[in-house]
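Below, each chain spelled out in residue letters.
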Amino acid sequence: MSELRANISGIIKSSVIDGPGNRMVIFFQACNLNCMYCHNSHTIGLCNYCGICANACPTQSLTINKEKKQIVHNEATCTHCDTCLKVCPENSSPFYKKMSVNDLISEILEVKDFISGITVSGGEVMLQAEFLKQLFISIKNHPELRGLSILIDSNGNVEQNKWESIIDWVDGFMIDIKAHSPEIHKQITGFTNEKILNSIHYLDIKGKLKELRLVLVPTYNNSDDEVEKIIDLMKKLSPEVTKVLIKMRKHGIREKYTYLNEPNQDEMEDVLNRFKISGLNFMVI
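No experiment lies behind these values; they were computed from the predicted model shown.

Each value, and the rule that gives it
- Residues numbered from 1 in each chain as written.
- Predicted model: local features only at pLDDT ≥ 70, side-chain atom pairs only at ≥ 80, totals over all residues.
- Heavy atoms only, no water.
- Helix = DSSP H or I, 4+ residues; strand = E, 2+ residues; numbered from the N terminus.
- Contact = heavy atoms within 4.5 Å.
- Polar contact = N/O pair within 3.5 Å; in protein donor to acceptor, adjacent residues only side chain to side chain.
- 1 Å grid on protein atoms, 1.4 Å probe; cavity = no way out; pocket = protein on both sides within 12 Å on 5 of 7 lines; lining within 4 Å.
- Points joined across faces, edges and corners; volume = space filled by probe spheres on them.
- Nonpolar A, V, L, I, M, F, W, Y, C, P; charged D, E, K, R; others polar.
- Phe/Tyr/Trp six-rings, centres within 6.5 Å; stacked < 30°, edge-to-face > 60°.
- Buried < 20%, exposed > 50% of the residue type's maximum accessible area, 1.4 Å probe, protein only.
- Axes fitted to C-alpha atoms, helices over the stretch in contact; angles between N-to-C directions.
- Parallel < 35°, antiparallel > 145°, perpendicular 65-115°, else oblique.
- Left-handed = near helix turned anticlockwise from the far one by under 90°.

Asks: Teacher, can you tell me more about the environment of S149 here?
Replies: If you trace the backbone, S149 turns up in strand 7 (residues 149–154). C-alpha separation for the pair S149 and E267, spaced 118 residues apart in sequence, amounts to 36 Å. If near-sequence neighbours (up to four positions away) are discounted, S149 is found in contact with R23, S116, G117, I118, K140 and D171. Polar side-chain contacts of S149 include one of 3.0 Å to the side chain of R23.

Rendered as structure tokens:
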């Protein structure tokens, strides 16, 4: 049997914004949502080796081998201009790597003395749940790593059996709620949100939901009705769950979505006041 591998778009060996303490963050490639305001849109798709990125590369630093399904990246000539990311019709990247559990364990061991835990993010990590389970079991059973906490940063858009397969090995989950209305959620992400709402309730009941975040997108999810329904949802969650309000920022979003407007001060304050009146304890980012 061949060794299971995951598509990894990148690794940050030290982060203080992806959970408590200093953490290694592992970003997985591929996502099952298509959010308009996504800042990492090159992690949405998987490469189909079409060659468009190689043809567009101004320094000819990419070579495509369609038969072997490989992309060769010449780091010596690459200027990191991101042309390849901008032209990709699949919202993918030529730089993600296929890595095994042992590959990632080796990366973690290099920084184990400087971190308090691991956060896996994406893309959408739960699309590779089988790999995650193997990785988490290896971490929790490793004599030098078993003290590290494990957090998952997910969009929640998966069936309950995915959570059940790994929940015993995870210390907590951080989930986004893009909108409460399925119709508005589909406008923002391309998909409805029934699975996400179910995931939020399931993880909360299991005591594993650590953080629920709302990214405020003017004219989409900041209407009176929408905000009130999201607040009502948050109030039904355990008080231990951290509620977070995030200001949508245009930096890094795809060109076709630059018509989106960032929330102005009045729009942010309106929602902040609603949170305060409701009695919610929350953070603002």
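Next, the rest of the story.
Asks: Hey, could you run me through the layout of surface pockets in this one?
Replies: Leftover empty space is mapped by rolling, across the atoms, a probe with the size of a water molecule. What the largest pocket holds in volume is close to 1200 Å³. Together, 40 residues line the largest pocket, and D18, D153, D176, R213 and I246 are the ones closest to its centre. Counting only elements with at least two residues in the lining of the largest pocket, the list comes to strand 1 (5–15), strand 7, strand 8 (172–176), strand 9 (209–216) and strand 10 (242–247). With four residues, strand 9 is the single largest residue contributor to the lining of the largest pocket. Class assignment for the residues of the lining of the largest pocket results in 17 nonpolar, 13 polar and ten charged.

Asks: When you look at the packing of aromatic side chains in this model, what are you seeing that I'm missing?
Replies: Centre-to-centre distance and the angle between the planes together describe a pair of aromatic rings. Summed over the entire model, instances satisfying the criterion amount to four aromatic pairs. With 6.4 Å between their ring centres and 55° between their planes, Y257 and Y259 make a pair best called tilted. Note on Y259: relative accessible area 47%, which makes it partly exposed.

Asks: What is the right way to look at the packing of helix 3 (residues 101–111) against helix 4 (residues 129–141) in this model?
Replies: In a packed pair of helices, the relevant descriptors are the angle between the two axes and the axis-to-axis distance. As a packed pair, helix 3 and helix 4 sit with axes 10 Å apart at the nearest point and diverge in direction by 45°. In terms of orientation, helix 3 and helix 4 fall into the oblique class. Of the two elements, helix 3 crosses helix 4, and the hand of that crossing is right-handed. Residues V101, L104, I105 and I108 of helix 3 pack against F131, Q134, L135, S138 and I139 of helix 4. Residue classes in the contact of helix 3 with helix 4 are distributed as seven nonpolar, two polar and no charged.

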